[in-house]
Amino acid sequence: MDGKFDIKEFADRDVEGKVFDINKFADRDTEGIIFDIKEFAVHDGEGVRTTVFLKGCPLSCTWCHNPEGQSPYSEIMEKAGCVKCGRCRAGCSHPECQPFGRCLHACPKGLLRVAGQKTSSHALAKKLCRDSVLYEMSGGGVTLSGGEPLMQGGFCVSLLHKLGEYGINRAIETSGFASDEVFRAVLDECDYVFCDLKIADSAVHRKYTGVPNEQILRNIDTLRKSGKKYRIRVPLIPGITDTDENLAGIRALTSEDEVQYLPYNKLAGAKYAQLGREFKLEK
Amino acid sequence: MTYYDYITSGEHKKYRRPAFDGRDIAAEFSAEFLPPEERMTRRFEALCANEDAHIFDGQKIVFMRTSSDFPDVFTPDEWTEIKKTHFIHELGYTSNVTPDYKRVISRGFCEILADERTNEYEKREINALMSVVEKYRAEAERIGRDDVYEVLSRVPWEAPRTFREALQFFRIVHYALWLEGTYHVTCGRFDKYMYPYYKADIDAGRLTDEEALDLVTDFFLSFNIDSDLYPGVQQGDNGQSMVLGGCDADGNDWFTRLSEICLLASGKNKLIDPKINMRVSKSTPADRFVKGSRLTAVGMGFPQYSNDDVVIPGLEKLGYSHEDAAEYGVAACWEFIVPGNGFDVANIAALSFPRVVDNVLHRDFASCKTKEELTTAVKKEIAAQCANITSSVKNLWFVPAPFLTLFFDAPHGDVSRGSKYNNFGAHGTGISTAADSLAAMVKYVIEDKTVTAEELTEAVDSDFEKHSELLPILRNEAPKMGAENGEEADEWAVLLLRTFAEEMSEYRNCRGGCWRAGTGSAMYYLWHASEIGASPDGRRKGEPFGTNYSPSLFAKTPGPVSIIRSFTKPELVNNVNGGPLTLEFDSSVFSEADAPEKLGALVRYFIALGGHQLQLNSVSKDVLLDAQAHPEKYPRLIVRIWGWSAYFTELDKPYQDHVIARQEYKL
């Protein structure tokens, strides 16, 4: 399977890093890595939702708007405004700072932060449960996004299962790029699925996202047959996915689906500079 | 030019002219040794004599002030003399109260003039006002506006028979209350006392809902005609607040089709007056929050919500009868007051919580070995500050207000001397700055012992020039209300607010009323912040506190839900002098059709958790531009980018520019 990261490497490990069958995660407290939790996420499904962003993605879409979601490892982000006071590089003994070679607690302007916090699925579910009354009042719940959540399939299954036990509605936003087993196992624990279909032609898909789309199409087919509520999402990237040819191709592949087209926004590249990376699409 | 265009363009101001032309009436009154009531009445009569009648094309509810000047009735020397023996609140004139409009509107001036309880000053003012009504009647006849002529032939001389007559009556007396010199004249439960007139018209088939909406929309414009002539700290700070919905004394829900029409009219006009408040509770149906949220989406910052489940019992605890508490409305901003018999001064003083902490830090903290000892010191300091505040107001005096008195239960014959309730309210400012500071003091000095009390004090006193390594820790990592790690700060907020209320409840004021503790700040969030230097929460010298009941400006909160969870922990039933939690949203939050449902659910959550008052802002382009120039003022301004949301001020400039550009075609 193509991709930046071998999805098998991450999808089915528990909190201690032991590998298990993906179907055995439901009750297993599992460690995952997330890079954000957004409250009152009004664009991520029905009702008032809290969206958890899982870190790591096997795709590398040129237009990606969450670049800190791509690597499955913690990384440092720095907002603009550094006055080069040198305090973060003066050396410190905090264990959490050592991997980055910079002190995270020293910036007088508070410009540094780490994207990527490890968390236990059960602890996270419990925390998300605090607002279950709000979810109930609004018909909302929790949405997993990323990154590609399915890259941490075991963590997803465990977290979603626990949320289900608490009676919380669960949605997921995925690229659809995962093994059959992981996709099915996570699907089983979801109430609603947003699955992307970015590009109809597999070769073109590979050119712009780093992976082909056959596996995605197969998973979408699994989704259709699952009886779960779902929606196919198509990001409209100028000159890449919004071409007449691609849109016709997508229409042909999704004739029986509910499809939502997401307009592209130039702001997508906002976070690249903070990671010290270049936003290629901007050129 | 339509009536709306006249008002919004300011063209109507060309009809204004001065009544006194620079005459020093205070000096004239002073030379004649006139009593205050006589002065008030003479000024009112002179203004009425100067008023001109103007009726705009299509305008239904008439009356507009045309006198451009408004001289004081006392000379500066006289004020100095008065202040030697009296406490004078703000401008010295009656303000910030809710008249009982029903008391006047349901009778009409003919009956009131015949009433033996009506005194000579009141009668003279009524007669002066009737002379202005006559001018309008003549003008209506001259230009062939039979509809206006007919309405004015009935009201305000007699009680209204129709909804339109009732609205016209209200407009005339509201105009007159301001013209007499009362300011921040609020509207109270408009949809409740106006409902009988609306209902009678609907039942009789005289009025359709569409016509009612047209009438109310036209009527709401009248709040914006004279408002630039009203006194206030800022343009718009004129206290024309209106309350919709809420329960009655028997617990029945009072939200009618008329309440809904008022919400729609406000959204249609898109003008800042009247300021809409909605009374809700945990039994309020979900769809009402959706209706309120549709108005929020318009971007004017209202409705502001208040929670009957908290406010009514809170007022009862302060000594209001259940019947009076159930009729509560809001004063100019947020203070809960009762109409017709409440002559409370709800904003007479303010306690600065950060000042309390600052005093404790400098005096007691070095000797506090435990959190309990710190708690004791904090409570003692609050007690001392409350003693100061309550002893600072003695012999309060207001300029008498004969016309206003007509709307009140006034045992002394003049409401400025008091009514059934004569309570004083004190704001409580900078709650999050104080609670966050105390949490940091406990965490780093008492518990972790990574910093000594002396070091922390030195850091604060030097504005973090000394021990500068503490600043990023205190500012970015220490517990903060509304933030993920804020529990300890929340606990302090609970204690601070409870102690404030307990201490205030120990005192009676100079009019025999009680002292009410609140969570508001008004302008004090700037004044009080400038009184002290930096604070142990990492706030630097010169930085303001959060406004009202809000997180610190640099608290990193995960979002509105965490803020709500944090700010509903205190027992707010004890702090019903009022002061809202304020949440800001970018208008892009409202881009999808179901956004009002979602926002409505968030408000319901706040109410269910026991919040007392909530303000929501949908932010416009002007605010974004201001945010770009002054990012420190808008740390929680959320903007939607695409698949993610961001804090506007954290975006780099090109992206900010884009968000601003995007606002242009969304409007």
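The rules behind the values
Residues numbered from 1 in each chain as written. Chains lettered and ligands numbered in written order. Predicted model: local features only at pLDDT ≥ 70, side-chain atom pairs only at ≥ 80, totals over all residues. Helix = DSSP H or I, 4+ residues; strand = E, 2+ residues; numbered from the N terminus. Rg over C-alpha atoms; globule rule 2.2 N^0.38 Å. Buried ≥ 20, exposed ≤ 12 C-beta atoms within 10 Å, placed from the backbone. Contact = placed C-beta atoms within 7 Å. Axes fitted to C-alpha atoms, helices over the stretch in contact; angles between N-to-C directions. Parallel < 35°, antiparallel > 145°, perpendicular 65-115°, else oblique. Nonpolar A, V, L, I, M, F, W, Y, C, P; charged D, E, K, R; others polar. Domains from an automatic or database assignment. Right-handed = clockwise from strand over helix to strand, strands pointing away. Pairing = 2+ DSSP bridges. Core = buried A, V, L, I, M, F, W, Y, C linked by C-beta atoms within 7 Å. pLDDT = per-residue confidence, 0-100.

A few points about the overall build of chain B
Line of reasoning, step 1. The helix and strand tally for chain B stands at 28 helices and 14 strands.
Line of reasoning, step 2. What you see for chain B is a C-alpha radius of gyration of 26 Å, in line with the 26 Å of a compact globule of 667 residues.
Line of reasoning, step 3. Reported as C-alpha extents along the three principal axes, the dimensions of chain B are approximately 80 × 60 × 50 Å.
Line of reasoning, step 4. Buried residues in chain B amount to 57% of all 667 residues.
Line of reasoning, step 5. Taking contacts inside chain B between residues at least 6 apart in sequence as the whole, the part at least 24 apart equals 79%.

Observations regarding the overall build of chain A
Line of reasoning, step 1. Across its full length, chain A carries 8 helices and 10 strands.
Line of reasoning, step 2. For 283 residues, the compact-globule formula gives about 19 Å, and the C-alpha radius of gyration of chain A, at 19 Å, lands near that figure.
Line of reasoning, step 3. In terms of principal-axis extent, the alpha carbons of chain A reach across some 60 × 45 × 40 Å.
Line of reasoning, step 4. In chain A, buried positions account for 48% of the 283 residues.

Details of the packing of helix H3 (residues 36-50) of chain B against helix H7 (residues 120-142) of chain B
Residue and element names in this part refer to chain B.
Line of reasoning, step 1. One can describe the packing of H3 onto H7 by two numbers: an axis separation of 9 Å at closest approach and a directional angle of 10 degrees. Classified by the angle between their axes, H3 and H7 sit roughly parallel to one another. Residues Glu-37, Thr-41, Phe-44, Glu-45 and Cys-48 of H3 form the contact with H7, whose own contacting residues are Tyr-121, Arg-124, Glu-125, Ala-128, Leu-129, Ser-131 and Val-132.
Line of reasoning, step 2. Here the residues of the contact of H3 with H7 sort into 6 nonpolar, 2 polar and 4 charged.

Description of the interface of chain B and chain A
Line of reasoning, step 1. If you look at the interface, chain B gives 36 residues, while chain A gives 29 residues.
Line of reasoning, step 2. A total of 8 residues in the side of chain B that touches chain A trace back to one element, the largest contributor, which is helix H26 (residues 595-608) of chain B.
Line of reasoning, step 3. In terms of residue class, the side of chain B that touches chain A is made up of 18 nonpolar, 7 polar and 11 charged.

Concerning the domain arrangement of chain B
Residues and elements named next belong to chain B.
Line of reasoning, step 1. Domains assigned within chain B are domain 1 (1-85 + 107-158), domain 2 (159-334) and domain 3 (345-566).
Line of reasoning, step 2. Computed over C-alpha atoms only, the centres of domain 1 and domain 2 are separated by 24 Å.
Line of reasoning, step 3. Elements supplying a minimum of two residues to the side of domain 1 that touches domain 2: helix H1 (3-9), H3, H7 and helix H8 (146-154).
Line of reasoning, step 4. Across the side of domain 1 that touches domain 2, the residue classes tally to 15 nonpolar, 3 polar and 6 charged.

What about the domain arrangement of chain A?
As a measure of interface size, the accessible area lost when the parts come together is often cited.
Line of reasoning, step 1. By the assigned domains, chain A splits into domain 1 (7-73 + 117-270) and domain 2 (75-115).
Line of reasoning, step 2. The gap between the C-alpha centroids of domain 1 of chain A and domain 2 of chain A is 31 Å.

A short note on the pairing of strand S11 (residues 581-586) of chain B
Residues and elements named next belong to chain B.
Line of reasoning, step 1. Burial analysis of S11 places 6 of its 6 residues in the buried class, which makes it a mostly covered element.
Line of reasoning, step 2. Residues Leu-581, Leu-583 and Phe-585 point to one face of S11 and Thr-582, Glu-584 and Asp-586 to the other, with burial holding for every one of them.
Line of reasoning, step 3. Running through H26, the crossover from S11 to the neighbouring parallel element strand S12 (residues 613-619) is right-handed.

What to know about the sheet that holds strand S9 (residues 424-429) of chain B
All names here are of chain B.
Line of reasoning, step 1. Read across the sheet, 3 strands follow the order S8-S9-S10 without closing on themselves; strand pairing throughout is parallel. If you trace the sheet from one side to the other, it starts and ends with strand S8 (345-352) and strand S10 (515-517), each paired once. Neighbour-to-neighbour, the strand axes of the sheet open up by a mean angle of 30 degrees, direction not taken into account.
Line of reasoning, step 2. Pairing analysis gives 3 bridges linking S9 to S10, with the strands arranged parallel. Residue pairing across strands places Phe-424 opposite Trp-515, the latter belonging to S10.
Line of reasoning, step 3. The strands touched by helix H23 (residues 487-504) are S8, S9 and S10; relative to S10, the strand with the most contacts, the crossing angle is about 175 degrees.

Quick word on the environment of Asp-250 of chain B
Line of reasoning, step 1. Turning to its location among the elements, Asp-250 of chain B is positioned in the loop between strand S3 (241-245) and helix H13 (257-269).
Line of reasoning, step 2. Asp-250 of chain B sits 73 residues away from Glu-323 of chain B along the chain, and the two C-alpha atoms are 8.5 Å apart.

Overview of the nonpolar core
Line of reasoning, step 1. Among the nonpolar cores identified, the biggest contains 257 residues, and Val-186 of chain A together with Leu-315, Ala-435, Leu-438 and Leu-496 of chain B are the most heavily contacted of them.
Line of reasoning, step 2. Top element by residues in this core is helix H9 (residues 163-180) of chain B. It accounts for 12 residues.
Line of reasoning, step 3. The contacts of Ala-435 of chain B, once residues within four sequence positions are left out, are Met-481, Ala-489, Trp-492, Ala-493 and Leu-496 of chain B.

Concerning the sheet that holds strand S4 (residues 275-280) of chain B
The strands making up a sheet associate through hydrogen bonds between their backbones, and the pairing can be parallel or antiparallel.
Residues and elements named next belong to chain B.
Line of reasoning, step 1. Across the sheet, which stays open at both edges, the 5 strands sit in the order S3-S4-S5-S12-S11 with mixed pairing between neighbours. Only two strands of the sheet have a single neighbouring strand rather than two, namely S3 and S11. Going across the sheet, the axis of each strand differs from the next one's by a mean of 25 degrees, ignoring polarity.

With respect to the packing of H9 of chain B against helix H12 (residues 209-221) of chain B
All names here are of chain B.
Line of reasoning, step 1. At a minimum axis separation of 11 Å, H9 and H12 run at an interaxial angle of 10 degrees. One way to sum up the angle between H9 and H12 is to call them roughly parallel. Between H9, through Phe-163, Arg-164, Leu-167 and Arg-171, and H12, the contact on the second element is made entirely by Ala-212, Leu-215 and Phe-219.
Line of reasoning, step 2. When the residues that make up the contact of H9 with H12 are grouped by side-chain class, the tally is 5 nonpolar, no polar and 2 charged.

Thoughts on unusual backbone geometry
The phi torsion of most residues other than glycine is negative, and most of the peptide bonds are trans.
Line of reasoning, step 1. Omega for the bond connecting Gly-146 of chain A with Gly-147 of chain A falls within 30 degrees of zero, at 15 degrees, which places this linkage in the cis form.
Line of reasoning, step 2. One can find Gly-147 of chain A in the loop between strand S6 (141-146) and helix H4 (153-165).
Line of reasoning, step 3. Between Val-155 of chain B and the following residue, Pro-156 of chain B, the backbone shows a cis peptide bond with an omega angle of 5 degrees.
Line of reasoning, step 4. Even without being a glycine, Phe-40 of chain A presents a positive backbone phi close to 50 degrees.
Line of reasoning, step 5. Relative to the helices and strands, Phe-40 of chain A is located in strand S1 (residues 31-41).
Line of reasoning, step 6. Take Phe-40 of chain A: there are 27 C-beta atoms within 10 Å of it, and that puts it in the buried class.

Side note on the pairing of S1 of chain A
It is a general feature of regular strands that their side chains alternate between the two faces of the sheet.
All names here are of chain A.
Line of reasoning, step 1. In terms of residue burial, S1 counts as a mostly covered element, since 10 of its 11 residues are buried.
Line of reasoning, step 2. Pairing of S1 with strand S5 (residues 117-120), which is carried by 4 bridges, proceeds in the antiparallel orientation. Bridged to Glu-31 within S5 is Ser-120.
Line of reasoning, step 3. Where S1 meets strand S2 (residues 49-54), 5 bridges bridge the pair, whose relative direction is antiparallel. For Asp-36, the partnering residue across the bridge sits in S2 and is Phe-53.

Here's the deal with the environment of Val-157 of chain A
Residues and elements named next belong to chain A.
Line of reasoning, step 1. Within the fold, Val-157 resides in helix H4.
Line of reasoning, step 2. Placed 129 residues apart in sequence, Val-157 and Arg-28 show a C-alpha to C-alpha distance of 9.1 Å.
Line of reasoning, step 3. For Val-157, the residues in contact, after removing those within four places along its chain, are Ile-22, Phe-25, Ala-26, Ala-185, Val-186 and Glu-189.

Things to note about the environment of Thr-499 of chain B
Residue and element names in this part refer to chain B.
Line of reasoning, step 1. Position of Thr-499 relative to the elements: it lies in helix H23.
Line of reasoning, step 2. Here the alpha-carbon distance between Thr-499 and Glu-469, two residues 30 residues apart in the chain, equals 33 Å.
Line of reasoning, step 3. Ignoring sequence-local partners within four residues, the contact set of Thr-499 consists of Lys-379 and Ile-382.

Details of the confidence of the model for chain B
Residues and elements named next belong to chain B.
Line of reasoning, step 1. Overall, the predicted model of chain B reaches an average pLDDT of 92, with 95% of residues at or above 70.
Line of reasoning, step 2. Contacts from residues 640-645, a stretch scored under 50 in pLDDT, to residues over four places away or in other chains number 20 contacts.
Line of reasoning, step 3. In this model residues 663-667 is a low-confidence stretch, pLDDT under 50, and it forms 5 contacts with partners more than four residues away in sequence or in other chains.

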